[in-house]
Amino acid sequence: MKRAAKDSAKSQRHITRRALFLGASQLAFIGALGARMQYLQLDQADQYRLLADENRINIRLLPPARGLIYDRNGIALATNKPVYRITIVREDAGDVNQVVARLQALAPIDPEGLARALDELKRRSPFVPVTIADNVTWDDIAEVAVNAPALPGVTPEVGLTRQYPMADDFAHIVGYVGAVNEADLNRVDDRDPLLQIPRFQIGKIGVEAKLEKALRGKAGTKRIEVNAVGRVMRELSREEGVAGVNLQLTIDSGLQNYVQARLAGESAAAVVIDVATGDLLAIGSTPAFDPNKFVNGISQADYTALLENKYRPLPNKAMQGIYPPGSTFKMITALAALEAGVVTSEDTVKCKGHVEVGGRRFHCWKRAGHGNMNLLNSLKNSCDVFYYEMAQRVGIEKISAMARRFGFGTKFDIPMSSVAKGLAPTKAWKRENRGADWVIGDSLNASIGQGFVLSSPMQQALMTARIATGKAVIPRLIKSVNGIEVPLEGGEEIGLNENHLRLVRKGMFAVSNVRGGTAFRSRILGDDYRMAGKTGTSQVGNKVVRNSDVAWEKRDHALFVSFAPYDNPRIAVSVIVEHGGGGSKAAAPIARDIVLQALYKGLPPLTAYPKADRWRIQKEQRALPLRDPDAARTKSDKA
């Protein structure tokens, strides 16, 4: 009995402890539940009341301000301007066709743009806002806002769009933006949600495209409350995005404007480079186009006109155009021969007007011949036969190796569209790409910049800068990012015998400053600004008739390269006039004028020109369609 009583008491104690444990657990659960209910029903009441009332909280992306682009002096090249637009969200609109019909009665909507917007609405997610009308007036925006209850899902907005105050002067450099499309999304590996916003503007060509991510910035977000018919009631919170970076280019807008104006009327290109820093001061390509027309979609008529223009305004000839360099390449052949020790400054070659090699006759441009030529005079007179002989002595491998030291066959990291690599050909290159062995005639053609040798006007200017300084100048287009200077590259010695470089420079000086030089008529007067240069003619086809006797598109290209001042080089310039004929007549005068404009930082005095040319130069200067620099700076300050 006692044992039974004892066991019973022990059992009751276990039950009591278990009951207490269960009771405590229940109390804890009830307490936690009560606390949670208090948090939801009291502390978060407003938040969840909004969420429960027909999901009236929307989260929308805030496009950041696109970074601005300036020239080296702070003149605005690409700015943002406010623009009014009307957007629609499919899931909020309900009957889209009915809403659009009401909207058309209130604001003018372009039929083509409307069709595009309706197509986007079908393809995009139902919660993504689609721009249905762009560039509308303030009155239209106000009308839509007043009638918002009858327009569910429709929102009037203020955004930013791109503007290019310098228009065609910088079309090929800065490029332009345009609405993002399926091709853009398929082309780039970029998951930025901003790209999903229809008609969001991204860079298409030029700096705008190459530095797109940096210029675009990062999106912000906003949470808005809307009522049952989709009208925005209030903004609940906002997290601003990060604006894109501001870029400062190395280009001088005043000089760029002059270059474009001086090249006007030609299918041409010109590049000006600072030989000390590698800064690209001007990159001209004509004809050009107005990039503002592309921002909101260029008309078919305007685009067709650009495509059908035989002067090809769309490509950037200065950077992506590649041409045989013609006689401007003779400095490369001369340096290769000098460095190889197969020629000296005193050695001469007799030019009879041609040379026969491998059973084929190779002509000099002067059919009667130049007589005995040393290296300096071969440059001054641009004697082809001298360089045919150098090609046989030194060989193509050393010529091409020298060309690469001066930038040929190199694709430089410049943030522009389709920067050309050019070509410094070798025997192996021909076997791999043409399926044939190199022959001696290939070397002779290459020695005078014909045949397989190719270069861009930018590479021509860079070659000249390296000859002028004896240093490995590297081209630079971006001067600073958000005010922080971009470090200079290159500048080390190129590693050639200074006496050889000096001899080549003297030959270039003779071209422009000694009577009989091929560019003597385009000389600059005054010791402080004397120019050294080299003419070139890039053959188009295998013709034996004069350029004036064939159609424009079959004429030879005219080239000229130069650096100045001769005694203390500051700039190098290259010019090509497509189908312009001879370099001395078509390209050299343009290059001379650009050199003077760059050195004087404005129109030079007439005393810088030969007396016989001054009346013509004065007339040409007055006719140039130059921008007012003060007006440009005023516009920039306002931007």
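To be clear, the structure that these remarks concern was listed above.
All of the points below concern the structure found in this document. (Residues numbered from 1 in each chain as written. Predicted model: local features only at pLDDT ≥ 70, side-chain atom pairs only at ≥ 80, totals over all residues. Heavy atoms only, no water.)

On to the overall build of the chain, then. The helix and strand tally for the chain stands at 26 helices and 23 strands. Split into buried and exposed, the 639 residues of the chain put 50% on the buried side. Contacts in the chain between residues far apart in sequence, at least 24 positions, make up 71% of those at least 6 positions apart. Per element, the accessible surface of the chain, about 30,600 Å² overall, is 51% carbon and sulfur. (Helix = DSSP H or I, 4+ residues; strand = E, 2+ residues; numbered from the N terminus. Buried < 20%, exposed > 50% of the residue type's maximum accessible area, 1.4 Å probe, protein only. Contact = heavy atoms within 4.5 Å. Areas by Shrake-Rupley, 256 points an atom, 1.4 Å probe, with all protein chains shown as cover.)

Counting across every chain of the model gives 1 cavity of 30 Å³ or more. Taken together, Pro457, Gln460, Leu559, Phe560, Val561, Ser574, Val575 and Ile576 make up the lining of the largest cavity. Those elements that place two or more of their residues in the lining of the largest cavity are helix H21 (457-469), strand S22 (557-564) and strand S23 (571-577). When its residues are assigned to classes, the lining of the largest cavity shows 6 nonpolar, 2 polar and no charged. (1 Å grid on protein atoms, 1.4 Å probe; cavity = no way out; pocket = protein on both sides within 12 Å on 5 of 7 lines; lining within 4 Å. Points joined across faces, edges and corners; volume = space filled by probe spheres on them. Nonpolar A, V, L, I, M, F, W, Y, C, P; charged D, E, K, R; others polar.)

Opposite charge on two side chains permits pairing when their charged atoms draw close. Scanning all chains against the criterion turns up 26 salt bridges. With a closest N to O distance of 2.6 Å, Lys430 and Asp442 form a salt bridge. With Lys430 in helix H19 (residues 427-434) and Asp442 in helix H20 (residues 440-447), the pair connects residues that are 12 residues apart, well separated along the chain. Connected via shared salt-bridge partners are Arg66, Arg162, Asp192, Glu208, Glu212 and Arg216. (Salt bridge = Lys/Arg side-chain N within 4 Å of Asp/Glu carboxyl O.)

If you trace the backbone, Thr131 turns up in strand S4 (residues 130-136). For the pair Thr131 and Leu121, spaced 10 residues apart in sequence, the C-alpha to C-alpha distance is 9.3 Å.

A few words now on the sheet that holds S22. Working definition: the strands of a sheet are paired by backbone hydrogen bonds and lie parallel or antiparallel to each other. Strand order in the open sheet formed by 5 strands is S12-S11-S23-S22-S21, and the pairing between neighbours is antiparallel. Each of the sheet's edge strands pairs with one partner strand only, and the pair in question is strand S12 (280-286) and strand S21 (532-538). Within this sheet the neighbouring strands show an average axis-to-axis angle of 5°, counted without direction. With 7 bridges connecting them, S22 and S23 associate as antiparallel partners. Note that in S23 the partner of Val561 across the bridge is Ser574. Helix H11 (residues 253-263) rests against strand S11 (268-274) and S12 of the sheet, and its axis sits at about 25° to S12. (Pairing = 2+ DSSP bridges. Axes fitted to C-alpha atoms, helices over the stretch in contact; angles between N-to-C directions.)

Roughly 1,700 Å³ of internal volume is contained in the largest pocket. Lining the largest pocket are 44 residues, and of these Trp365, Thr537, Gln539, Asn547 and Asp556 sit closest to its centre. Secondary-structure elements contributing two or more residues to the lining of the largest pocket are strand S15 (360-363), helix H17 (384-394), S21, helix H23 (583-586) and helix H24 (588-600). Looking at the lining of the largest pocket, the element that brings in the most residues is S15, giving 4 residues.

Mapped onto the elements of the fold, Thr286 is located in strand S12. The class of Thr286 is buried, set by a relative accessible area of 4%. For Thr286, the side chain forms a polar contact with the main-chain oxygen of Glu266, separated by 2.9 Å. Sequence-distant contacts of Thr286, that is, excluding residues within four places in its chain, are made with Gln260, Leu263, Ala264, Glu266, Ser267, Ala268, Tyr311 and Lys317. (Polar contact = N/O pair within 3.5 Å; in protein donor to acceptor, adjacent residues only side chain to side chain.)

A word on H24. Its 13 residues place the ends of H24 18 Å apart at the C-alpha level, agreeing with the 18 Å of an ideal helix rising 1.5 Å per residue. Counted residue by residue, H24 has 12 buried out of 13 residues, so it is predominantly covered. Of the residues making up H24, those classed as buried are Ala588, Pro589, Ile590, Ala591, Arg592, Asp593, Ile594, Val595, Leu596, Gln597, Ala598 and Leu599. Taken together, the buried residues of H24 touch H11, S11, S22, S23, H23 and helix H25 (614-623). Directly beyond the C-terminal end of H24, a positive phi value near 55° is found at Lys601. (Expected span 1.5 Å × (residues − 1).)

Let's shift gears to the state of the cysteines. One way to say it: the disulfide is the covalent bond shared by the sulfur atoms of two cysteines. Tallied over the full model, the rule gives 0 disulfides. Cys351 carries a free sulfur, and the closest cysteine sulfur to it, the one in Cys383, is 3.6 Å from it. Not engaged in a disulfide, the cysteine Cys364 finds its nearest cysteine sulfur in Cys351; these two sulfurs lie 4.0 Å apart. (Disulfide = S-S within 2.5 Å.)

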